[in-house]
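Examination of the molecular architecture
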Amino acid sequence: MHVEHLLEDESLGLRLLWAEDALLRREISGVTVTDLEDPARFVRPDEVVLSGLVWWSADEGRDKAERFVTGLKDAGAVALLAGEETHGAVPSDLVEACARHGLPVAGVPAHVLFRAITDSVYLRQWGELGRGRALPEHVRGRLNRLVAQDADPELVLAAAFAHLDAVPAYVLTATGRTVAATPGAEPLPARVAAAAVLGGDSGSATAPVEADTAAGPYGRWWLHLPDAAAAPPRLVQEITAVLGRCRTALIRRGAAERRAAHELGRLLSAAGGGDRAGDGSGEVAGAVRACGLPDEGPYRVVVADSARAADTGAAQGALAEAVAHSGAAYAAVGRLPDGTAFAVLPEDAAPELARAWPLVAAADPGVPLHGGLAAPAADAAALPGALAEARYALTAARTIGAGASTLTDVTTLTTLDLLLTGVPAEVRAAYSRTVLGPLLDPANASAAALLNTLRVFLAHDGSWARTAEALHLHVNTVHYRVQRIEHFTGRDLSRLRDRLDLWAALLCHPDQDGDRSAAAVRRDGDRDAATARRDGDRSATTARRDGDRSATTARRDGDRDATTARRERSSTSPARRP
């Protein structure tokens, strides 16, 4: 099937926005649906790409379109079919980017389901296969009944492959979680399963499971067969269509659970983060029960956010996937009023959740995923306080891993520097400016040297000798600098409390110009050392001069005293008679 054949299907109503005739004659190998801003990892060569354009926004629209189309071109996509529902039309930035890169682009009307396009591609592509190689009628009927009964995906998958001879097959997520497997199939470790979704070995086959309701990059399903020859393509296509209906039903069925979780999040946020023992209420306890959680814990509360600003549900999808990896016996996953994703789960599931975090984040590697985990909460009354702890740990995660995915447990913030990572960046900066004051003034030539001296002095526990040794300075120079630091900051470095204040201010201060500061420290250090040597030489010369003067004076005074003594003896002796 060629790109032009897809555009000629009047039932789809696709609107060609840019193409060259030669490009329309390229053959289509398959279809991928994605709303990732950088989709290259999930697109295979010669595939048509469907996108709802959730990733695009008017601000930075040209740059985002350029990154998206570059990823498609690098992956070898043959065409882009862009949905018109999200923005009302396909943005001109995207069309221009496709023209620059030589990628045909067409608009998909809002009323056309993406699944209708995938069905059209695969049915046309495999139309030459005989009916005997597709699902038998009785198997198709059983699958339809199972989906109508909201059967578990495990039952649906087993029924789909039951007429084949023990074919191993899996339903996987992009994070490597096994949703279902056929009876007798060997368990797949999560990392192996995640690699299989990305392509696996040449002898395997992996096909996307398209749902009418978007599942996001983290919870999307894939049908994986370790042996591609075990089932013909048309049969695989039919099974993925059935699994897509199963996935859609699961998402819609979970809507009530998500609404209950959102209500719990609203109540926990409203209750605030006060004393964990006294914040419980009847409303919170009722909301806990409505979410299917037990009345007593211990619980763990976790919150998460994602850098994917255009998709506020991405963090919730990621958190739901991480909770599913944990094997929690119960859980509530929802969103707080400010859009932050949160979950309540049993304490014993927290270690598995932490182990799954890197796998979940790897499903969308270009977008950092941050999470904060609270200490155990004994009961429903303690949940508002636990939410406050989790929020604090989330801020710490953003600080510790600004550009990387990180999950921070509040119980690990056991040192002052780690504790301060949970303070908002604006508050840390304000505290540092207030306490350090003139030591941060770039116009002050000696400020950098004084700031470094303070840092080294406190790092060496206030030892004058070790500070002098570390800075290659005379001890007197260190004393002089510390006196200036005390003058500028109004703190007494002989007092522990003042030392702690200054140390916290240093931890809160981002070193934004380390090279210039280091150069200033070296320059001022050389100047101080030269001054110390000059003062030392002057002091030695003065001492010698004063010593010579004192010796001369002593000798003179001694001679004077001796003469006076002789005179006094002469005046008191008896007079001689003539």
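Residue positions are given per chain, counted from 1 along the sequence in the order it is written. The predicted nature of this model means local features are confined to residues of pLDDT at least 70 and side-chain atom pairs, given and counted, to a pLDDT of 80 or more, with totals for whole chains, interfaces and linings taken over all residues. Water and hydrogen atoms play no part in the side-chain values, which are based on all heavy atoms of the structure.

Attention now goes to the packing of helix 19 (residues 464–471) against helix 20 (residues 475–489). Helix axes use the C-alpha atoms of the stretch in contact, all axes being lines fitted to C-alpha atoms, and the angles between their N-to-C directions lie in the range 0 to 180 degrees. The helix and strand labels rest on DSSP assignments: H or I over at least four residues marks a helix, E over at least two residues marks a strand, and numbering proceeds from the N terminus. The N-to-C vectors of helix 19 and helix 20 enclose an angle of 105°; their axes lie 9 Å apart at closest approach. On the basis of their axis angle, the class for helix 19 and helix 20 is roughly perpendicular. Contacts from Trp464, Ala465, Thr467, Ala468 and Leu471 of helix 19 reach helix 20 at Val475, Val478, His479, Arg481 and Val482. Residues are sorted three ways: Asp, Glu, Lys and Arg are charged, Ala, Val, Leu, Ile, Met, Phe, Trp, Tyr, Cys and Pro are nonpolar, and all the rest, Gly among them, are polar. When its residues are assigned to classes, the contact of helix 19 with helix 20 shows seven nonpolar, two polar and one charged. Here roughly perpendicular refers to angles of 65 to 115 degrees, roughly parallel to angles under 35, roughly antiparallel to angles over 145, and oblique to all remaining angles. We call two residues in contact whenever any of their non-hydrogen atoms come within 4.5 Å of each other.

When the pLDDT values of the chain are averaged, the result is 83; 83% of them are 70 or greater. By definition, pLDDT measures how confident the predictor is in each residue, and it falls between 0 and 100. Across residues 512–558 the pLDDT falls below 50, and counting only partners more than four positions away or on other chains, this stretch makes 19 contacts in the model. This model gives residues 560–578 a pLDDT under 50, and the stretch forms zero contacts once residues within four places in sequence are excluded.

Centre-to-centre distance and the angle between the planes together describe a pair of aromatic rings. Aromatic pairs are defined between Phe, Tyr and Trp rings, using the six-membered ring for Trp, whenever the two ring centres lie within 6.5 Å; interplanar angles under 30 degrees are classed as stacked, those over 60 as edge-to-face, and all others as tilted. Enumeration over the complete set of coordinates arrives at two aromatic pairs. Geometrically, the ring pair formed by phenylalanine 457 and tryptophan 464 is tilted, given 5.0 Å between the ring centres and 50° between the ring planes. Over the ring of tryptophan 222 we find arginine 220; its NZ or CZ atom is 4.8 Å from the centre of that ring. Whether a charge sits over a ring depends on NZ of Lys or CZ of Arg being within 6 Å of the ring centre and within 35 degrees of the ring normal.

What follows concerns the sheet that holds strand 5 (residues 105–108). When DSSP locates at least two bridges between a pair of strands, those strands are taken to pair. Strand order in this open sheet of five strands is 1-5-4-3-2, and the pairing throughout is mixed. Two strands bound the open sheet, and with one partner strand each, they are strand 1 (15–18) and strand 2 (30–33). The mean angle between the axes of side-by-side strands here comes to 25°, regardless of whether they run parallel or antiparallel. Relative to strand 5, strand 1 is paired through three bridges, and the arrangement is antiparallel. Within strand 5, the residue paired with tryptophan 18 across the bridge is valine 105. On top of the sheet, helix 4 (residues 92–101) reaches strand 1, strand 4 (79–83) and strand 5; it is set at about 65° to strand 1, its chief contact.

Quick look at helix 17 (residues 425–436) now. Here helix 17 contains 12 residues, and its C-alpha end-to-end distance of 16 Å stays within 8% of the 16 Å for a straight helix at 1.5 Å per residue. Among the residues making up helix 17, those that are buried are Arg428, Ser432, Val435 and Leu436. Looking straight down helix 17, one finds that the buried residues subtend no more than 85° of arc, so they occupy a single side. In helix 17, the exposed positions that point more than 90 degrees away from the buried face belong to Glu426, Arg433 and Thr434. In this structure, the buried side of helix 17 is in contact with helix 15 (383–400), helix 16 (416–420), helix 18 (447–459), helix 20 and helix 21 (496–508). Trailing helix 17 by a residue or two, glycine 437 shows a phi angle of about 50°, which is positive. One fewer than the residue count of a helix, multiplied by 1.5 Å, yields its expected span. Only protein chains enter the accessibility calculation, which uses a 1.4 Å probe. A residue is then buried if its area is under 20% of the maximum for its type, exposed if over 50%, and partly exposed in between. To obtain the arc, one takes the directions from the helix axis to the C-beta atoms.

It is worth spelling out the sheet that holds strand 9 (residues 221–225) at this point. Across the sheet, which stays open at both edges, the four strands sit in the order 7-6-9-8 with antiparallel pairing between neighbours. Of all strands in the sheet, those bounded by a partner on one side alone are strand 7 (178–181) and strand 8 (205–209). Along the sheet, successive strands turn relative to each other by an average axial angle of 25°, direction set aside. Relative to strand 9, strand 8 runs antiparallel, the two being bridged by five bridges. Each residue of the ladder has a partner; that of proline 208, found in strand 9, is tryptophan 222. Where helix 10 (residues 233–253) meets the sheet, it contacts strand 6 (170–173), strand 8 and strand 9, and its direction lies at approximately 150° from that of strand 9.

Look at helix 15: 25 Å from first C-alpha to last across 18 residues, which is about the 26 Å you get at 1.5 Å a residue. Taken together, the buried positions of helix 15 are Leu383, Pro384, Gly385, Ala386, Leu387, Ala390, Ala393, Leu394, Thr395, Ala396 and Ala397.

Patch membership requires more than 30% relative accessible area and the absence of a salt bridge. Residues of like charge join within 9 Å; the nonpolar side chains Val, Leu, Ile, Met, Phe, Trp and Tyr join within 5 Å. With residues, only the protein chains shown are counted as cover, and all accessible areas are computed by Shrake-Rupley using a 1.4 Å probe. Take a side-chain nitrogen of Lys or Arg and a carboxyl oxygen of Asp or Glu: if they are within 4 Å of each other, that pair is a salt bridge. A contiguous nonpolar patch, built from Leu416, Leu419 and Leu507 and spanning about 210 Å² of accessible area, is present on the exposed surface. You can see leucine 507 is positioned in helix 21.

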